[in-house]
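# Structural characterization, general
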Amino acid sequence: GLGLSYKKDENFGEWYSEVVVNGEMIEYYDISGCYILRPWAMSIWEVMQTFFDAEIKKMKIKNCYFPLFVSSGVLQKEKDHIEGFAPEVAWVTKSGESELEMPIAIRPTSETVMYPYFSKWIRGHRDLPLRLNQWCNVVRWEFSNPTPFIRSREFLWQEGHTAFATKEEADTEVLDILELYRRIYEEFLAVPVIKGKKSEHEKFAGGLYTTTVEAFVPNTGRGVQGATSHCLGQNFAKMFEINFENEKGEKAMVWQNSWAYTTRTIGVMIMVHGDDKGLVLPPKVASVQVIVIPVPYKDADTKGIFDACAATVKTLNESGIRAEADFRDNYSPGWKYSQWELKGVPLRIEIGPKDFANNQVRAVRRDNSTKHDIPMTDLVERVQDMLNQIQESLFDAAKQKRDACIQRAHTWEEFAEALSQKKMILAPWCDEEEVEKDVKTRTKGDMGAAKSLCSPFDQPELPEGTLCFASGKPAKKWTYWGRSY
Ligand SMILES: O=C1CCCN[C@@H]1CCCn1cnc2cc(F)c(Cl)cc2c1=O
Ligand SMILES: [Mg+2]
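What you see is a predicted model, and the numbers here were worked out from it, not measured in a lab. Within each chain, residues carry numbers counting from 1 in the order of the written sequence. Here every chain gets a letter starting at A, and every ligand a number starting at 1, in the order they are written. A pLDDT threshold of at least 70 governs which residues receive local features in this predicted model, and a stricter bar of 80 or more applies before side-chain atom pairs are shown or counted, although totals over entire chains, interfaces and linings include all residues. Only hydrogens and water are removed before side-chain values are computed, so all heavy atoms of the structure are retained for them.

### Some words on the packing of aromatic side chains
Quick reminder of the rule: Stacked, edge-to-face and tilted labels apply to pairs of Phe, Tyr and Trp rings (six-membered ring for Trp) whose centres lie within 6.5 Å, assigned for plane angles under 30 degrees, over 60, and everything in between, in that order. Classification of residues uses two cut-offs on accessible area relative to the type maximum, computed with a 1.4 Å probe and protein chains only: under 20% is buried, over 50% is exposed, and between them is partly exposed. For a Lys NZ or an Arg CZ to count as sitting over a ring, it must be within 6 Å of the ring centre and within 35 degrees of the ring normal.
Under the counting rule described, the total for this entry stands at 29 aromatic pairs. Arranged with centres 5.8 Å apart and planes meeting at 80 degrees, the rings of Phe 155 and Trp 157 form a pair that is edge-to-face. Look at Tyr 331 and Trp 335: their rings are 3.9 Å apart centre to centre, the planes differ by 15 degrees, and that puts the pair in the stacked class. Residue class for Tyr 331 comes out partly exposed when judged on its relative accessible area of 31%. We classify Trp 335 as partly exposed; its relative accessible area is 28%. Each member of the aromatic cluster is reached from another via a ring pair, and the members are Phe 66, Tyr 115, Tyr 117, Phe 118, Trp 121, Phe 204, Phe 236 and Phe 240. Above the ring of Trp 40, the side-chain terminus of Lys 343 is found at 3.9 Å from the ring centroid.

### Thoughts on the side chain of Glu 202
Quick reminder of the rule: In DSSP terms, a helix is any run of H or I states spanning at least four residues, a strand is any run of E spanning at least two, and both are numbered starting from the N terminus. For this analysis, a polar contact is any N or O atom pair within 3.5 Å, provided that within protein one partner can donate a hydrogen and the other can accept it, and provided that sequence-adjacent residues contribute only side-chain to side-chain pairs. Here, residues are in contact when the closest pair of their heavy atoms is within 4.5 Å.
Along the chain, Glu 202 turns up in the loop between strand E9 (194-197) and strand E10 (209-217). Engagement of the side chain of Glu 202 in a polar contact is seen with the side chain of Lys 440, the distance being 3.2 Å. Setting aside chain neighbours within four positions, we find Glu 202 in contact with Glu 436, Lys 440, Lys 451 and Ser 452.

### Overview of the environment of Thr 377
Among the structural elements, Thr 377 can be located in the loop between strand E19 (371-375) and helix H12 (379-404). With a relative accessible area of 69%, Thr 377 lands in the exposed category. Between the alpha carbons of Thr 377 and Glu 159 there is a distance of 47 Å; along the sequence they are 218 residues apart.

### Notes on the nonpolar core
Using the following cut-off: By nonpolar core we mean a set of buried residues, namely Ala, Val, Leu, Ile, Met, Phe, Trp, Tyr and Cys, connected to one another through side-chain atoms within 4.5 Å.
Among the nonpolar cores identified, the biggest contains 59 residues, and Met 25, Phe 52, Tyr 181 and Ile 270 are the most heavily contacted of them. With 9 residues, helix H2 (residues 39-58) is the single largest residue contributor to this core. Among residues more than four places away in sequence, those in contact with Met 25 are Val 20, Ile 36, Leu 37, Arg 38, Trp 40, Ala 41, Ile 44, Phe 149, Ile 266, Ile 270, Leu 279 and Leu 281. Within the second largest apolar cluster, 25 residues are counted, among which are Met 114, Leu 132, Leu 232 and Met 239.

### Examining the pattern of salt bridges
Going by this rule: Take a side-chain nitrogen of Lys or Arg and a carboxyl oxygen of Asp or Glu: if they are within 4 Å of each other, that pair is a salt bridge.
Under the counting rule described, the total for this entry stands at 32 salt bridges. For the salt bridge of Glu 214 with Lys 198, the shortest nitrogen-to-oxygen distance reads 2.8 Å. One end of the pair, Glu 214, is in strand E10; the other, Lys 198, is in the loop between E9 and E10, with 16 residues separating them in the sequence. There is no split in this pair, since Glu 214 and Lys 198 are both buried. A salt bridge links Arg 402 to Asp 403, with the shortest nitrogen-to-oxygen separation between them at 2.9 Å. Given a relative accessible area of 31%, Asp 403 falls into the partly exposed group. A single network of salt bridges, built from pairs that share partners, joins Glu 179, Arg 182, Arg 183, Glu 186, Glu 187 and Lys 195.

### A look at the pairing of strand E18 (residues 360-365)
Here is the rule: DSSP calls a pair of strands paired once it identifies at least 2 bridges connecting them.
The buried count for E18 comes to 5 of 6 residues, which makes it a mostly enclosed element. Note: E18 against E19, 5 bridges, orientation antiparallel. Within the sheet, the bridge partner assigned to Gln 360 lies in E19 and is Pro 375.

### Focus: the site of ligand 1
Put simply, the test is: Here a residue is near a molecule or strand as soon as one of its heavy atoms is found within 4 Å of it. Only the protein chains shown count as cover for residues, with accessible areas throughout obtained via the Shrake-Rupley method and a probe of 1.4 Å. Only Asp, Glu, Lys and Arg are considered charged, only Ala, Val, Leu, Ile, Met, Phe, Trp, Tyr, Cys and Pro nonpolar, and every remaining residue, Gly among them, polar.
Around ligand 1, a shell composed of 18 residues is seen, among which His 81, Phe 85, Thr 109, Glu 111 and His 230 lie nearest. Glu 111 is positioned with one of its side-chain polar atoms (N or O) 2.6 Å from a nitrogen atom of ligand 1. In the environment of ligand 1, a nitrogen atom lies 3.4 Å from a nitrogen or oxygen atom belonging to the side chain of Arg 140. Considering ligand 1 on its own, with 520 Å² of exposed area, one finds that the protein chains cover 94% of that surface. Of all elements in the fold, only helix H4 (79-83), strand E8 (154-164), strand E11 (222-233) and strand E14 (255-262) reach the threshold of two or more residues within the shell around ligand 1. For the shell around ligand 1, the residue count by class is 8 nonpolar, 6 polar and 4 charged.

### What about the confidence of the model for the chain?
A low pLDDT score tells you not to read the predicted coordinates there in detail. Operational definition: Confidence per residue, as judged by the predictor, is encoded in pLDDT with a range of 0 to 100.
Per-residue confidence for the chain gives a mean pLDDT of 97, with 100% of residues at or over 70. Confidence metrics for the complex model read pTM 0.98 and ipTM 0.98.

### Concerning the sheet that holds strand E5 (residues 91-95)
As a reminder of what qualifies: Inter-axis angles, ranging from 0 to 180 degrees, are taken between N-to-C directions of lines fitted to C-alpha atoms, where helices are fitted over the stretch in contact.
The sheet built from 3 strands is open, its strands ordered E4-E6-E5 with antiparallel pairing. At either margin of the open sheet sits one strand with a lone partner, and together these are strand E4 (69-71) and E5. The average angle at which neighbouring strand axes cross in this sheet is 50 degrees, direction not considered. Pairing of E4 with strand E6 (residues 98-106), which is carried by 3 bridges, proceeds in the antiparallel orientation. Looking across to E6, one finds that Phe 69 is bridged to Ile 106.

### Here we look at the packing of H2 against helix H8 (residues 264-273)
Working note: a packed helix pair is described by the angle between its axes plus the distance between those axes. Our working definition: Our angle categories are set so that under 35 degrees counts as roughly parallel, over 145 as roughly antiparallel, 65 to 115 as roughly perpendicular, and the remainder as oblique. Handedness of each helix crossing follows the sense of rotation of the near helix against the far helix: counterclockwise by less than a right angle gives left-handed, clockwise gives right-handed.
Interaxial distance between H2 and H8 falls to 10 Å at its minimum, and their mutual angle equals 110 degrees. Comparing their axes, H8 and H2 come out roughly perpendicular. Both H2 and H8 take part in a crossing whose hand is right-handed. From H2, Ala 41, Ile 44, Trp 45 and Met 48 reach across to H8, where they touch Thr 265, Ile 266 and Met 269. By residue class, the composition of the contact of H2 with H8 is 6 nonpolar, 1 polar and no charged.

Laid out in structure tokens, this is it:
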């Protein structure tokens, strides 16, 4: 039958892979770590893309497209930040039967692809700011356990790459983009995130600083890096000689940013909202927000009921609500209810003989299963209200659950206890990299080590004399710690 064989609270990993497959988002592929994104997933990606693309266009950021392939000389250009990643670079070594002269890498990210051309295109201050974005795929041949959406060897993302005359402009854009990432999570996916700064150890080594929106999966007690917005400083400008003649006629290096979010966003949403009946889609990103199901009864006016369903869909669509009817005659209404619940459609509308006779519909919410009789005369207004309520209550429920997983800790004992309870820990830290590495070492285990997730911009009060939870040295900042994906 349609029912899932795993429970979210009992076998999270199996529950997740069953839900993404049975909910028709993912099809497994014969190459490990690669997944087929079916329309039910792609439509969510497109809703976010439509929002984000419009927003960056308002910021005068232009889309472009650079080649997938990177020559090995160019890729190795940035030695120190590459060496850590070398094992995950995928290489093309042959065409047909013949070996290539030089192996060609498939882009794992596009700094080294783009920046030689930034150097060529940027001459004077009038060429700045240069602000480009590309929507593309990247390949990273990771070996840690692949998970649909969350960790795959190929994924879709957007990568923004910008260059400015001043640091101030770069700093401002880093946060403008981070706010868009927060909106994607909190306003579209209904997932609460924490805005903060990555530690020196966790940041992008090639950059100056990394800002992030951190999500959290209560079931596994793991943090998830939701999206990142880096200020690269002048590091890449130095390496790729990206400089310009400033207004005083002096030669100056540009200040750069790079920022990305990926299809991982979809996996986080599924993990946070899904339940034992399947996917639960926030209305903002659901390609079908309302599914209308006829409930004919043997001698009742079946045609009338079907026509009422068609009219309901038409009325909703005309008001901008994404509605469909399920007229399939080879499935019972009950079977259809289960199937559309499995696919996470936020609202179901049933029209049976009684509803039809009373010129009303029966609406059922996917998130809390409550039933509501709606007069046809109020249809659009009531349905729109219910969709807004579902969006809001999904966020509120997720925020409540996430907040319940946050534990403050002042000592190692409190930290270790909270970690064992799968919490995300907010602790005062001395901000020393050696101490951070020590926390990783001390928490190594089969569940994976704890790491710093971010130092939240919204810092609680740090009273004078507060000591670091791990080193006992004077604490400098509150920082979130936890296991992560
Ligand atoms: O996160 C972003 C936003 C969008 C543009 N890129 C940055 C940094 C990416 C770091 N990073 C991440 N993963 C990598 C994997 C690799 F195989 C190689 Cl060669 C390099 C990297 C690498 O530089
Ligand atoms: Mg990686």
